[in-house]
Number of protein chains: 2
Amino acid sequence: MTLASLAAELGVSRTTVSNAYNRPDQLSPELRKRVLETARRLGYPGPDPVARSLRTRKAGAVGLLLTENLSYAFRDPAAIGVLEGLALACEDAGVGLHLVPASPGRDDVAAVHRAGVDGFVVYSVPDDDPHLGAVLARPVPTVIIDQPRIEGVDRVGPDDTTAVTALAEHIIQLGHRQVGVLCMRLARDRNDGFAYLDRQQSAHFHVQRARLEALAKAFAKVGVDWSTVPVVERFEHTVDDGAAAARHLLDAHPQVTALICTSDILALGALAEANRRGLRVPADLTVTGFDGIAEAERAGLTTVHQPVLEKGRAAGKLLLSSGDHVKPRIITLNTQLRIGTTSAPPRTMEQHWFGP
Amino acid sequence: MTLASLAAELGVSRTTVSNAYNRPDQLSPELRKRVLETARRLGYPGPDPVARSLRTRKAGAVGLLLTENLSYAFRDPAAIGVLEGLALACEDAGVGLHLVPASPGRDDVAAVHRAGVDGFVVYSVPDDDPHLGAVLARPVPTVIIDQPRIEGVDRVGPDDTTAVTALAEHIIQLGHRQVGVLCMRLARDRNDGFAYLDRQQSAHFHVQRARLEALAKAFAKVGVDWSTVPVVERFEHTVDDGAAAARHLLDAHPQVTALICTSDILALGALAEANRRGLRVPADLTVTGFDGIAEAERAGLTTVHQPVLEKGRAAGKLLLSSGDHVKPRIITLNTQLRIGTTSAPPRTMEQHWFGP
DNA sequence: TTGAAAGCGCTAACAA
DNA sequence: TTGTTAGCGCTTTCAA
């Protein structure tokens, strides 16, 4: 059954049948009723969506590219928040959200080519991601969330530099000079261990790079040589990995008084590890995160909150309002330093205050 | 730029250009290279996915219908698990996952018609959902997760009756006879309050209905008249709503010794409310859930665990392996009663044991 | 290895 | 109010 065969059956033109579905005001109610009834009787399911899309040049869906194991997207509360916000924006506009199957491993870009969508949202991928390249090659609008920064492409994200600088100043003000850092993956190759300056500076994930740079700059101001600061990178982004990274760092640098983590998930792991080694937080060790996920707030983590749901929603709105703009649009989201109960002056400072 | 104009530019046929993209073995490497290079130079982005889909009759995506506020899907860990499993199955098969924008309020079924997909997964909708009707009217395979049960349609889900019966027997064996129930919405209309027998029995959500029926049957066996058992329904499915529902129930029926909740989320709310009123769990009140989400296990909740990720994945696999079967396939997932620290004999029993 | 021809199923000018 | 005409951009027999 097709629209044409139904029209033939009815003895009307295809236009009439099409109008019965798409422009009810273009034909008499009786005729329309007759068309619809005959369609039901004959089992015609209505106009084929793909053929309609081809004709109207509208797919009615936006693609979401997140080059990661899907498990990541559904396990990280921050990512879920972004997804939810984006889904809400799509729902408002009545368009579908098409998750592009792009595993990080297999560089199979075909899925991007195959996606019938009117635009793409790209969420936090490395700047050398081949899927990203495929997306940008498609003649549809694109909005990038967080990273990378691409000249001429719309983007939504926080100002990582400002946010992390505020956090660093808080830690510095507390008196910490012996700090360590746990960060997420810096490139597509796996490196579960220390990340030295060259790797930090050549990181393919802009967000991580910006956060590390902001930390380096802030600590340099108070005389800390960043090349001496231990930074441990972790490929996977889970609480357990955060704990393992913390262990790795503290084993090698027990003198560290503050652990700065570039995400709450890692920080929660660090808290677990501190607990495991009998370190009291914040008395013996300060731990900070980034994102402001609910679980972190419940744990009292000192962190930088960012409005993740708003981030996804803003990206969706931006994408869906494309067309009436020329210059690329950048939306910078407000972040907020939230001082919890996991940061305090280092022990040595307390000893100063209270005497030995 | 289209495939045709590129072919014209190159002085070759459209077939050749098409083959350059889709069947590299059908033309000489040199010619292919020339085609691809010219394409890049002229900014031809490759075959249009929609046109290709029309021609090949393959959209390369599966639709997901969940008639709910999207916020629900992204806030309930059980739903996220299903989503993740389904996404994994899609990723394995290299097909996209198209979230259909179907708000519960607006009965706008158009989004279902517009979705260019090769099949649908329907997750837990009421049996009278109009979107579901639209899905079933489309000539593509469909798999339903959890509910409703539709004759002739593939389905994946747990055996709620067996699972809840085991749970009920546990509670009964502990000695509880004065029980109360918190359940999720029973129909599309909002009813935040008591749900009496007629509403329970006419519930449009099969899962809730089956669970209530199983409870009724199990308690009837030990002489409890189910019509005297307070059941509080809640339209929204959040921890806060669970707490409010528990308050509602306990205010009216303080003699209740066990609160049986049809989901972990509601149960977590009930725990919070018990805590608020100074009731010790399980000494003063037994609380049970359903689902086995991580947070519940962390809280030591007595619950029925179901493999949510597996549920989503199984549904995806089923859908993607359609075609080579005739009879509808039903996959029943194993559930597991997990007795935690929130269930114990009622106080009156203890008094029996230890004397007054 | 390449090309010609024939649609996939639909919508939107425009004309009647 | 209805019909005619002309594609949307592509793939796929089939024949050369």
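Residues numbered from 1 in each chain as written. Chains lettered and ligands numbered in written order. Predicted model: local features only at pLDDT ≥ 70, side-chain atom pairs only at ≥ 80, totals over all residues. Heavy atoms only, no water.

K.L.:
Any chance you could explain the packing of aromatic side chains here in plain terms?
P.N.:
The description of an aromatic ring pair rests on the distance of the ring centres and on the angle between the ring planes. Residues and elements named next belong to chain A. Here the structure, examined in full by the defined rule, presents six aromatic pairs over all chains. Centre to centre, the rings of F194 and Y196 are 6.2 Å apart; their planes meet at 25 degrees, and the pair counts as stacked. The exposure class assigned to Y196 is exposed, which follows from its relative accessible area of 56%. Taking NZ or CZ as reference, R185 lies 3.6 Å from the ring centre of F235, over its face. (Phe/Tyr/Trp six-rings, centres within 6.5 Å; stacked < 30°, edge-to-face > 60°. Buried < 20%, exposed > 50% of the residue type's maximum accessible area, 1.4 Å probe, protein only. Lys NZ or Arg CZ within 6 Å of the ring centre and 35° of its normal.)

K.L.:
Would you take a moment to explain the sheet that holds strand 9 (residues 258–261) of chain B for this structure?
P.N.:
Backbone-to-backbone hydrogen bonds join strands into a sheet, with any given pair of strands oriented parallel or antiparallel. Residue and element names in this part refer to chain B. With mixed pairing, five strands are arranged side by side in an open sheet as 7-8-6-9-10. Only two strands of the sheet have a single partner each, and these edge strands are strand 7 (193–194) and strand 10 (286–288). As defined by bridge partners, strand 7 adjoins strand 8 (residues 231–233) across two bridges and the pair is classed as antiparallel. Each residue of the ladder has a partner; that of G193, found in strand 8, is E233. Across the sheet, helix 11 (residues 206–221) is in contact with strand 6 (179–183), strand 8 and strand 9; its angle to strand 6 comes to roughly 170 degrees. (Pairing = 2+ DSSP bridges. Helix = DSSP H or I, 4+ residues; strand = E, 2+ residues; numbered from the N terminus. Contact = heavy atoms within 4.5 Å. Axes fitted to C-alpha atoms, helices over the stretch in contact; angles between N-to-C directions.)

K.L.:
Teacher, can you tell me more about the side chain of B:R234 here?
P.N.:
All names here are of chain B. Looking at the secondary structure, you find R234 in the loop between strand 8 and helix 12 (239–252). Classification of R234 by relative accessible area gives buried; the value is 14%. Ignoring any residue separated from it by four or fewer positions in sequence, one finds R234 in contact with C183, M184, R185, N191, D192, D241, A244 and A245.

K.L.:
Looking at this model, I keep getting lost on the UniProt feature "domain: HTH lacI-type" (unreviewed entry) in chain A. Mind explaining?
P.N.:
According to UniProt, the feature "domain: HTH lacI-type" (unreviewed entry) maps to residues 1–56 of chain A in the numbering used here. Helix makes up 70% of residues 1–56 of chain A and strand 0%, whereas the separation of the span's terminal C-alpha atoms amounts to 21 Å. (UniProt positions renumbered as here; feature names shortened; annotations may be inferred.)

K.L.:
I'm lost on the relation of the copies chain A and chain B in this one. Help?
P.N.:
Superposition record for chain A on chain B: RMSD 0.1 Å, screw rotation 180 degrees, translation along axis 0.0 Å. The transformation relating the two chain copies, once decomposed into turn and shift, fits a two-fold axis. When C-alpha distances to the rotation axis are compared across chain A, the minimum falls at A:H98, with a value of 2.1 Å. Both copies contact each other with a shared surface, as 100% of the interface residues of chain A are interface residues in chain B too. (Least-squares fit on C-alpha atoms with pLDDT ≥ 70 in both.)

K.L.:
It is not clear to me how the state of the cysteines should be interpreted in this structure. Could you clarify?
P.N.:
Here, disulfide denotes a covalent bond that connects the sulfur atoms of two cysteines. In this structure the tally under the stated criterion is zero disulfides over all chains. Residue A:C183 stays outside any disulfide, its sulfur separated by 9.9 Å from that of A:C261, the closest cysteine. (Disulfide = S-S within 2.5 Å.)

K.L.:
Would you mind showing me how to read the interface of chain A and chain B here?
P.N.:
One frequent convention defines the size of an interface as the accessible area lost when the parts assemble. In this assembly, 44 residues from chain A lie in contact with 44 residues from chain B. For the pairing of chain A and chain B, the buried interface totals around 3500 Å² over both sides, and the portion due to carbon and sulfur atoms is 61%. In this structure, the connection of chain A to chain B is made through four salt bridges. Among the salt bridges present, the one from B:R75 reaches A:E84, with a minimum N-O distance of 2.9 Å. For the interface between chain A and chain B, the tally reads six residue pairs in polar contact (both at pLDDT 80 or more). Looking at which element gives the most residues to the side of chain A that touches chain B, the answer is helix 6 (residues 77–93) of chain A, with seven residues. Looking at side-chain class alone, the side of chain A that touches chain B contains 23 nonpolar, nine polar and twelve charged residues. Judged from the three bridges that link them, strand 2 (residues 96–99) of chain A and strand 2 (residues 96–99) of chain B form a sheet pairing that is antiparallel. By the bridge assignment for strand 2 of chain B, A:L99 is matched with B:L97. (Buried area = accessible area lost by both parts, 1.4 Å probe. Salt bridge = Lys/Arg side-chain N within 4 Å of Asp/Glu carboxyl O. Polar contact = N/O pair within 3.5 Å; in protein donor to acceptor, adjacent residues only side chain to side chain. Nonpolar A, V, L, I, M, F, W, Y, C, P; charged D, E, K, R; others polar.)

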